[in-house]
Amino acid sequence: MVYYCARCHRKVEVNYEYPGVKCPYCGYRILVKERPTFIKKVKAE
Amino acid sequence: MTARDRRAGSGEEGSERGAAMEVEILELTDMEVKFILRGVEPSFANALRRAMLTEVPKLAIDEVNIYENTSPLFDEILALRLALIPLRAENIDEFVFPEECECKGEGCGFCQVSFTLSAQSPESVGERVVYSDELISSDEKVRPYPNIPIVKLISRETRINGIKTISRQSVMLEAIARLGVGKKHAKWQPATVCGYKNLPVIEIDEKKCDLCGKCVEECPKQILEATTVLRVKDEKLCSLCKLCEDVCDRDAIKVSYDKNSFIFNVESDGSYDAWELVLRAARALRGKYVKLAVVVAEVAERTKALA
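No experiment lies behind these values; they were computed from the predicted model shown.

### A closer look at the overall build of chain A
- When helices and strands are counted, chain A shows zero helices and four strands.
- Across chain A, helices and strands are ordered from the amino to the carboxyl terminus as β-β-β-β.
- Seen through its C-alpha atoms, chain A measures out along the principal axes to roughly 40 × 25 × 15 Å.
- The buried share of chain A, taken over its 45 residues, is 20%.
- Long-range contacts, defined as pairs at least 24 residues apart, comprise 28% of the intrachain contacts of chain A with a sequence gap of at least 6.
- Of the roughly 3,700 Å² of accessible surface on chain A, 54% is carried by carbon and sulfur atoms.
- Here chain A contributes 10 positive and 4 negative side-chain charges, whose respective centroids are spaced 6 Å apart.

And the structure:
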């Protein structure tokens, strides 16, 4: 799963083996999940 | 068609009971119709009201394929907002329900219409609202109702690593509209307002009335007028609150209603003209009665055969 850092906006790969998440470049702890590239089908109701 | 069917269709059967159905139109615009329906049972008036809300088919966006959405709205909320936009189709009778279509609901030109929307916030800092007019239809005869705001897209200045950039929001999607009825979902409901009340009847006993004017002051709708005699300006506006009746010490005024007359107030959402909506509801109701008659006749024949 690709995330990006909310401060430096770089793409970050999260390693789930280690506890806690943070940006390896700037150390910021807020990561935002990127929207997947596929077409999303939504039922309008 | 038998002689009995013809009589039922022409309303002669009603006259045998003493009251034929009458319709008097009070107000008529594209979006709104107000009319009095006389000589019908309350159950029929209610059936007509319910048919207007739930039995008239219309097109509405049912599925949305979202390619890009960086707007402030979530995908699901955006889809629901799109679904509630009334779609006006000149060729509505050419469409069929997806479950009745030959394509078996897979999607073809007979059971669905596709709309595309591609919008972006301004190049410089600012915002813009995306309106329903920007939906591009695959069928020229099907148009969305104009000037309905969908979403506001905002361009902001952001600093990434000390560099100033403009972050723009955008929406890119394909919406698929299908035919449906209001009992399935409110997005397929062609009437926004559809209600009725009994026709008020106000009786004034001139012998008892002393023109004290208390009832004129009390009436919240201001429909009473006391000059040389007490008179009603417009009975139809009466809300049947009976405050005038309560305030009168001499029992000179009596408020009641006609059990078999109804004032209908119908407002279309824009997918049909208001008069067309009433007409289609009446047709839908007739279709149901005919179906019932056929089923009852079949059952009667079967029971006869068994006997």
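### Observations concerning unusual backbone geometry
- Here the phi dihedral of A:His9 falls at roughly 60 degrees; this positive angle occurs in a residue that is not glycine.
- Mapped onto the secondary structure, A:His9 falls in the loop between β1 (2-5) and β2 (11-13).
- Its relative accessible area of 39% is what places A:His9 among the partly exposed residues.
- Backbone geometry places B:Lys242, a non-glycine residue, at a positive phi of 65 degrees.
- Along the chain, B:Lys242 turns up in the loop between β14 (230-232) and α6 (243-247).
- Taking relative accessible area as the criterion, B:Lys242 reaches 34% and is therefore assigned partly exposed.

### Some thoughts on the interface of chain B and chain A
- Every contact between the two is made by 18 residues of chain B and, on the other side, 11 residues of chain A.
- Note on chain B versus chain A: buried area summed over both sides is about 1,300 Å², and carbon and sulfur give 48% of it.
- One can count five salt bridges joining chain B with chain A.
- Residues B:Asp62 and A:Lys43 are paired through a salt bridge, measuring 3.0 Å at the closest nitrogen-oxygen approach.
- Here chain B and chain A share seven residue pairs in polar contact (both at pLDDT 80 or more) between them.
- Looking at the side of chain B that touches chain A, the elements with two or more residues in it are β3 (58-69) and α4 (75-83) of chain B.
- Residue contributions to the side of chain B that touches chain A peak at eight residues, all from β3(B).

### So, the side chain of B:Asn69
- Relative to the elements of secondary structure, B:Asn69 occurs in strand β3.
- Looking at B:Asn69, its side chain comes within polar contact range of the side chain of B:Ser71, at 2.6 Å.
- At 2.6 Å, the side chain of B:Asn69 and the side chain of B:Asp75 are in polar contact.
- If we skip the residues at most four places from it in the chain, B:Asn69 touches A:Arg35, B:Phe74, B:Asp75, B:Leu78, B:Ser170 and B:Val171.

### Things to note about the packing of helix α3 (residues 42-54) of chain B against helix α7 (residues 274-306) of chain B
Residue and element names in this part refer to chain B.
- At their nearest, the axes of α3 and α7 sit 8 Å apart, and the two run at 110 degrees to each other. By the angle between their directions, the pair α3 and α7 is classed as roughly perpendicular. Pair α3 / α7 crosses with right-handed handedness. Along the contact surface, α3 presents Phe44, Ala47, Leu48, Ala51 and Met52, while α7 presents Leu277, Val278, Ala281, Ala282, Leu285 and Tyr289.
- Tallied by class, the residues present in the contact of α3 with α7 amount to 11 nonpolar, no polar and no charged.

### Overview of the sheet that holds strand β1 (residues 22-28) of chain B
Residue and element names in this part refer to chain B.
- Overall, antiparallel pairing links the four strands, which are arranged β1-β2-β15-β12 in an open sheet. The sheet is open, and its two edges are formed by β1 and β12 (191-204), each paired on a single side. When strand polarity is set aside, the average angle formed by the axes of neighbouring strands in this sheet is 30 degrees.
- Pairing geometry for β12 and strand β15 (residues 253-268), over 13 bridges, is antiparallel. Its bridge partner being in β15, Val193 is matched across the sheet by Glu267.
- Sheet strands touched by α3: β2 (32-38), β12 and β15. Its angle to β12, the strand with the most contacts, is close to 155 degrees.

Parameters at a glance
Residues numbered from 1 in each chain as written. Chains lettered and ligands numbered in written order. Predicted model: local features only at pLDDT ≥ 70, side-chain atom pairs only at ≥ 80, totals over all residues. Heavy atoms only, no water. Helix = DSSP H or I, 4+ residues; strand = E, 2+ residues; numbered from the N terminus. Buried < 20%, exposed > 50% of the residue type's maximum accessible area, 1.4 Å probe, protein only. Contact = heavy atoms within 4.5 Å. Areas by Shrake-Rupley, 256 points an atom, 1.4 Å probe, with all protein chains shown as cover. Lys, Arg positive; Asp, Glu negative; His and termini not counted. Charge placed at Lys NZ, Arg CZ, Asp CG, Glu CD. Buried area = accessible area lost by both parts, 1.4 Å probe. Salt bridge = Lys/Arg side-chain N within 4 Å of Asp/Glu carboxyl O. Polar contact = N/O pair within 3.5 Å; in protein donor to acceptor, adjacent residues only side chain to side chain. Axes fitted to C-alpha atoms, helices over the stretch in contact; angles between N-to-C directions. Parallel < 35°, antiparallel > 145°, perpendicular 65-115°, else oblique. Left-handed = near helix turned anticlockwise from the far one by under 90°. Nonpolar A, V, L, I, M, F, W, Y, C, P; charged D, E, K, R; others polar. Pairing = 2+ DSSP bridges.

Such coordinate-based values are descriptive only and should not be taken to indicate function.
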